[in-house]
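# Observations on the three-dimensional arrangement
Next come the chains, spelled out residue by residue.
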Amino acid sequence: MRLIRGLIASVLMAGASLAAVAGPVTAKVVFDLNSQISGTTWKQPANFTDLVSAVTVNDLDLVTISISFLPGQALRWNGQGSIEAWLGVDTVSSFGTSQGSLTFTGLQSGPAWSAAIADSSSCCAHLGITQRLFGDGVTREFTGLDIGFKADFYDNKSHTFSQIGWTALFQGNGLEVRQVAVVDQSVPEPGMLALVGLGLAGLAVARRRQS
């Protein structure tokens, strides 16, 4: 009996430990640059944009705000001004973030991001988690960006966010919408076609030998 109770206690403790492990959460949103940029100036939208699907963030979760543009669109930014994005609209009384990171996806030109990322959530706690990236003056062209961080909710509760918001994103009148080639994933690559051809030829030879 003691052995069974011990096993049950061990299983419960293991379950609690697994529940405490922070998991990765990705909040995705897609922007149409042509509707977001006027000339070389970013339009400051007055409302939020819905996420592809709502996300629930637990305390100490690793979160990624994944931003992409419509197929064929790229953004050329001169690195002036700042980027600020946040998750909304659940009310969060107080929180902080750490381990901030930024990756430009589909980087066409310019180096990877190496500057610091600021946690500016204290100014917008009622909107959710906010991250600010101050420009480094380097020109880049890219098709999207991923902002990562670790969430620390002081109330230790889970919060669900269904939208993403922006402040004056990409300031400095240094913007240009660019067109890039769209890769059709439905068309097999030449290398793949060659492998399929070799496989079919091998099957034909095997059948001839059997006959």
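Right, let's walk through the structure included here.

Criteria and cut-off values
Residues numbered from 1 in each chain as written. Predicted model: local features only at pLDDT ≥ 70, side-chain atom pairs only at ≥ 80, totals over all residues. Heavy atoms only, no water. Helix = DSSP H or I, 4+ residues; strand = E, 2+ residues; numbered from the N terminus. Buried < 20%, exposed > 50% of the residue type's maximum accessible area, 1.4 Å probe, protein only. Contact = heavy atoms within 4.5 Å. Areas by Shrake-Rupley, 256 points an atom, 1.4 Å probe, with all protein chains shown as cover. Salt bridge = Lys/Arg side-chain N within 4 Å of Asp/Glu carboxyl O. Pairing = 2+ DSSP bridges. Axes fitted to C-alpha atoms, helices over the stretch in contact; angles between N-to-C directions.

## Let's talk about the overall build of the chain
- Assigned secondary structure in the chain consists of three helices and 14 strands.
- For the chain, with 211 residues in total, the buried portion stands at 33%.
- For the chain, the share of sequence-separated contacts (at least 6 apart) that also reach a separation of at least 24 residues comes to 87%.
- Counting only carbon and sulfur atoms, one obtains 56% of the accessible surface of the chain, whose full area is about 12100 Å².

## Regarding the pattern of salt bridges
- Using the criterion set out here, one finds four salt bridges in the structure.
- A salt bridge links arginine 76 to glutamate 141; the nearest nitrogen and oxygen atoms lie 3.4 Å apart. Note that arginine 76 is positioned in strand β6 (residues 73–77) and glutamate 141 in strand β11 (residues 140–142), a separation of 65 residues in sequence.
- Classification of glutamate 141 as buried rests on a relative accessible area of 8%.
- A salt bridge links glutamate 176 to arginine 178; the nearest nitrogen and oxygen atoms lie 3.1 Å apart.
- With a relative accessible area of 36%, glutamate 176 lands in the partly exposed category.

## What about the sheet that holds strand β12 (residues 144–153)?
- As summarised here, the arrangement of the four strands in space is β1-β5-β12-β8, forming an open sheet in which the pairing is mixed. Both outer strands of the open sheet, β1 (24–31) and β8 (95–105), are each paired with one neighbouring strand and no more. Adjacent strand axes in the sheet meet at a mean angle of 20 degrees, parallel and antiparallel pairs treated alike.
- Inspection of the sheet shows strand β5 (residues 62–69) paired to β12 by seven bridges, in the antiparallel sense. Considered in β12, the bridge of threonine 64 is made with glycine 148.

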